[in-house]
Amino acid sequence: MVGTCALCKKQAELKLSHIIPKFVFRYLKKDSFTGRLRRISDPNVPQQDGDKLEMLCGECEGRFSLNETHFANKMYSPFKKDGFHGLPYEGNWLHYFITSVNWRTLVLDIEAFENDDDEKGKITDKQLANLKRHEEIMRSYLLGQRKDIFSIENHIFFFDTIKSAGSNVAQLNPYSILHGSGFGYTVINDSGATYVFANLTGIIIVSIIKKHSLERWKNTYVKLDSGKIKVPQMVDNSPIFSELFFLAEQREEFIRGLSDKQREQLLAKIENDPEGFKASGTYKRKMEDQRLKEVEE
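These remarks concern the structure in this document. (Residues numbered from 1 in each chain as written. Predicted model: local features only at pLDDT ≥ 70, side-chain atom pairs only at ≥ 80, totals over all residues. Heavy atoms only, no water.)

## Quick notes on the overall build of the protein chain
Spelled out, the test is: Numbering of helices and strands runs from the N terminus, with a helix taken as a DSSP run of H or I at least four residues long and a strand as a DSSP run of E at least two residues long. The quantity called the radius of gyration is restricted to C-alpha atoms. Its globule counterpart is 2.2 Å times the number of residues to the power 0.38. Exposure classes here rest on a 1.4 Å probe applied to the protein chains alone. A residue is buried below 20% of its type maximum, exposed above 50%, and partly exposed in between. Working rule for contacts: check all heavy atoms of both residues, and any pair within 4.5 Å makes them a contact. Shrake-Rupley sampling with a 1.4 Å probe provides the accessible areas, and residues are treated as covered by the protein chains on show and by no other component. Neither His nor the chain ends contribute to the count of charged residues, in which Lys and Arg are positive and Asp and Glu negative. Just so you know, the charge point we use is NZ for Lys, CZ for Arg, CG for Asp and CD for Glu.
Across its full length, the protein chain carries 10 helices and 13 strands. For the protein chain, whose C-alpha radius of gyration is 19 Å, the value lies close to the compact-globule estimate of 19 Å for 297 residues. For the protein chain, the spread of C-alpha atoms along the three principal axes comes to 55 × 45 × 40 Å. In the protein chain, buried positions account for 46% of the 297 residues. Partitioning the contacts of the protein chain with sequence separation of at least 6, the portion at a separation of at least 24 is 68%. When the accessible surface of the protein chain is totalled, it reaches about 15,500 Å², and 49% of it is carbon and sulfur. When the 43 basic and 42 acidic side-chain charges of the protein chain are each reduced to a single mean position, those positions are 5 Å apart.

## Side note on the pairing of strand S8 (residues 182-188)
Let me state the cut-off plainly: In this scheme, strands are said to pair when DSSP sees at least two bridges between them.
As paired strands, S8 and strand S9 (residues 194-200) are joined by 7 bridges and run antiparallel to one another. For glycine 184, the partnering residue across the bridge sits in S9 and is alanine 198. Between the end of S8 and the start of S9, which pair antiparallel, lie 5 residues, with glycine 192 showing a positive phi angle near 100 degrees.

## Observations concerning the nonpolar core
Our working definition: The term nonpolar core refers to a set of buried residues drawn from Ala, Val, Leu, Ile, Met, Phe, Trp, Tyr and Cys, joined through side-chain atoms within 4.5 Å.
Cys5, Leu7, Leu56 and Trp103 are the most contacted members of the largest nonpolar core, which has 29 residues in total. Those residues in contact with leucine 7, other than ones at most four positions away along the chain, are Leu56, Cys60, Arg63, Phe64, Trp103, Arg139, Leu142 and Leu143. Listed in part, the 27 residues of the second largest apolar core include Ile20, Phe84, Leu94 and Ile203.

## Considering the packing of helix H1 (residues 22-31) against helix H2 (residues 58-82)
Rules: Throughout, an axis means a line fitted to C-alpha atoms (over the contacting stretch in the case of helices), and angles, computed between N-to-C directions, take values from 0 to 180 degrees. What makes a crossing left-handed is the near helix being turned counterclockwise from the far one by less than a right angle; a clockwise turn instead makes it right-handed. Asp, Glu, Lys and Arg are counted as charged, while Ala, Val, Leu, Ile, Met, Phe, Trp, Tyr, Cys and Pro are counted as nonpolar; the rest, among them Gly, fall into the polar class.
Two numbers describe how H1 lies on H2: the axes approach to 10 Å, and their chain directions differ by 30 degrees. Crossing handedness for the pair H1 and H2: right-handed. From H1, Phe23, Val24 and Tyr27 reach across to H2, where they touch Glu68, Phe71, Ala72, Tyr76 and Lys80. Partitioning the contact of H1 with H2 into residue classes produces 6 nonpolar, no polar and 2 charged.

## What about the sheet that holds S9?
Spatial ordering of the open sheet is given by S7-S10-S9-S8, a layout of 4 strands whose pairing is antiparallel. Strands with a single pairing partner mark the edges of an open sheet, and in this sheet they are strand S7 (153-158) and S8. Each adjacent strand pair in this sheet contributes to an overall mean axis angle of 15 degrees, direction not counted. Docked against the sheet, helix H7 (residues 239-257) engages S7, S8, S9 and strand S10 (203-210), running at close to 120 degrees with respect to S8.

## Focus on helix H4 (residues 125-142)
We apply this condition: Here a helix's expected span is defined as the number of its residues, less one, multiplied by 1.5 Å.
With 18 residues, H4 should cover 26 Å at 1.5 Å per step; its first-to-last C-alpha distance of 26 Å lies within 8% of that length. Along its buried surface, H4 packs onto H2, helix H3 (93-115), S8, S9 and S10. Downstream of H4 by one or two residues, glycine 144 has phi in the positive range, about 80 degrees.

## As for the sheet that holds strand S2 (residues 11-18)
Pairing within the open sheet is antiparallel, and its 3 strands lie in the order S1-S2-S5. In the strand order of this sheet, the two ends are held by strand S1 (2-4) and strand S5 (52-57), each with one partner. Taken over all neighbouring pairs, the strand axes of this sheet differ in orientation by 65 degrees on average, direction set aside. Strand direction decides the pairing type here: S2 and S5, joined by 5 bridges, are antiparallel. Residue leucine 16 lies in a different strand from S5, and its bridge partner there is glutamate 54. With respect to the sheet, H3 is in contact with S2 and S5, its orientation differing from that of S5 by roughly 110 degrees.

## Description of the environment of methionine 55
Secondary-structure assignment places methionine 55 in strand S5. What makes methionine 55 buried here is its relative accessible area of 5%. It is 9.6 Å that separates the C-alpha atoms of methionine 55 and leucine 108, two residues lying 53 residues apart in sequence. Apart from the residues within four sequence positions on either side, methionine 55 is in contact with Thr4, Cys5, Ala6, Leu14, Lys15, Ser17, Ile19, Trp103, Arg104 and Val107.

And the structure:
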């Protein structure tokens, strides 16, 4: 398809680009007992990959690939293997990576707010204009036309082993929700606090356009240059994590949407390979959620 590249704005042949990086879905397939992916909107149709759209030209696609490889090798894989114990980073690749992922999400959400009947009216004209202004700031930074992203803050939070989360959060099955999915979207709180974030199977990357007055982030801020993400991390009073309640509702909707045939096939697969099920990430996430509930009882 020939069209306008969302990043450089040139007419070119557009490539099928992942919105959430491909390594996330590669891990999910390997970690899942079934080896398949499923969308909340269509739970009975197994998928082989995450969403891809004709969005970027080949040159701009290449701008992002090196930093995605850095993130996969230097942060994602170590976290999945050994958990989070603090991680250093050199140069601006981590800041650039977070901006690139959340920028793609923001571009699609702006388009949805303008053109999707289900999304129209969810934000005001002023809020939409504000999103467009910050999308342009992020786009210019990604193209190398500016050295920063103005007042936007990039943060990263590793959802590792949680000792206690409160009974209301424990009931939401946060391990299954966060470690078992990859997604991104834009959040505008009632107070006007505004975020673009992505969940990369338990690693949450956030671009804060406007903070809530009460929220606090500790050991999560990503600098424009070299730094280190330290432990312990803390996020307090952020509307981002109140989204867990919405995600829990979506998960319940997904479970209810599974057909009897799909349920029977899954149960039969478990009965045929119980040890394989216990070794899978699917089972381990369920056990972590159960542990968290027991802690809060």
